[in-house]
Amino acid sequence: MLTPDVTACPTRADASAPTPDTLAYSLTLPSALTSPTIARTLTRTVLTAHGLAALVDPATQAVAELTAAACTFSATPEMYLSLRFREGTLRVIAYDSHPRHTHPRLAAACDARRRAALWLLACVARACEGDWGFGEAREPGGGTRMWATVPYGGGVGYGRG
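Q: I tried to follow the packing of aromatic side chains on my own but got confused; where do I start?
A: Each aromatic ring pair is characterised by the separation of its centres together with the angle its planes make. Under the counting rule described, the total for this entry stands at two aromatic pairs. Judged by centre distance (5.4 Å) and plane angle (50°), the rings of Y80 and Y95 are tilted. One end of the pair, Y80, is in strand 2 (residues 78-86); the other, Y95, is in strand 3 (residues 89-96), with 15 residues separating them in the sequence. Relative to F134, the ring of W132 lies with its centre 6.4 Å away and its plane at 40°, an arrangement referred to as tilted. Residue classification places F134 among the buried positions, given a relative accessible area of 17%. When the ring centre of F134 is taken as origin, the NZ or CZ atom of R114, which lies over that ring, is 5.9 Å away.

Structure below.
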């Protein structure tokens, strides 16, 4: 028999304030024209809450570009977005359900179309001394994984100078 102080179900309520190191969010969004706006708003709120307001401008731009591309390319009604801050770098990852083509010419044409859709993301990543790219999703179900990194040091200077 359990005493009133003991429970068979663990409970954990973290009352500490969010910090940059605890920034880890993932969500599924509809493949809809409204999703980039929702993702930008979420990103702004999350970064500010975690003490990373200095990254809001480049991060919201990166999130908007990745989310818009994922919604455009997704073959299903949903896409997935992930935000993580680790080792001084914000990592933004978007997944869409569009599979990589097996035919080389189709793959090259699709990659060119995706690169063109992400040209502004490339500019943001370069301005922040970050990285970006896309490739086959490693997760079950396939599709395409697109990402951008925004290092804190490069992101705080974004849009200045």
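Q: Got a minute to help me understand the pattern of salt bridges in this structure?
A: If charged atoms from side chains of opposite charge come close, those side chains can pair. Scanning all chains against the criterion turns up two salt bridges. As a salt-bridge pair, R114 and D96 come within 2.7 Å of each other at their nearest N and O atoms. Of this pair, R114 sits in helix 3 (residues 104-117) while D96 sits in strand 3, and the two are 18 residues apart along the sequence. Of the residues examined, R114 reaches a relative accessible area of 1% and is grouped as buried. On the basis of relative accessibility, which here comes to 3%, the residue D96 falls in the buried class. Between R100 and D111 there is a salt bridge, with its nearest N and O atoms 2.6 Å apart. One end of the pair, R100, is in the loop between strand 3 and helix 3; the other, D111, is in helix 3, and 11 residues separate them in sequence. By relative accessible area, which is 15% here, D111 ends up buried.

Cut-offs applied
- Residues numbered from 1 in each chain as written.
- Predicted model: local features only at pLDDT ≥ 70, side-chain atom pairs only at ≥ 80, totals over all residues.
- Heavy atoms only, no water.
- Phe/Tyr/Trp six-rings, centres within 6.5 Å; stacked < 30°, edge-to-face > 60°.
- Helix = DSSP H or I, 4+ residues; strand = E, 2+ residues; numbered from the N terminus.
- Buried < 20%, exposed > 50% of the residue type's maximum accessible area, 1.4 Å probe, protein only.
- Lys NZ or Arg CZ within 6 Å of the ring centre and 35° of its normal.
- Salt bridge = Lys/Arg side-chain N within 4 Å of Asp/Glu carboxyl O.

Purely spatial values, then, with no claim about function.
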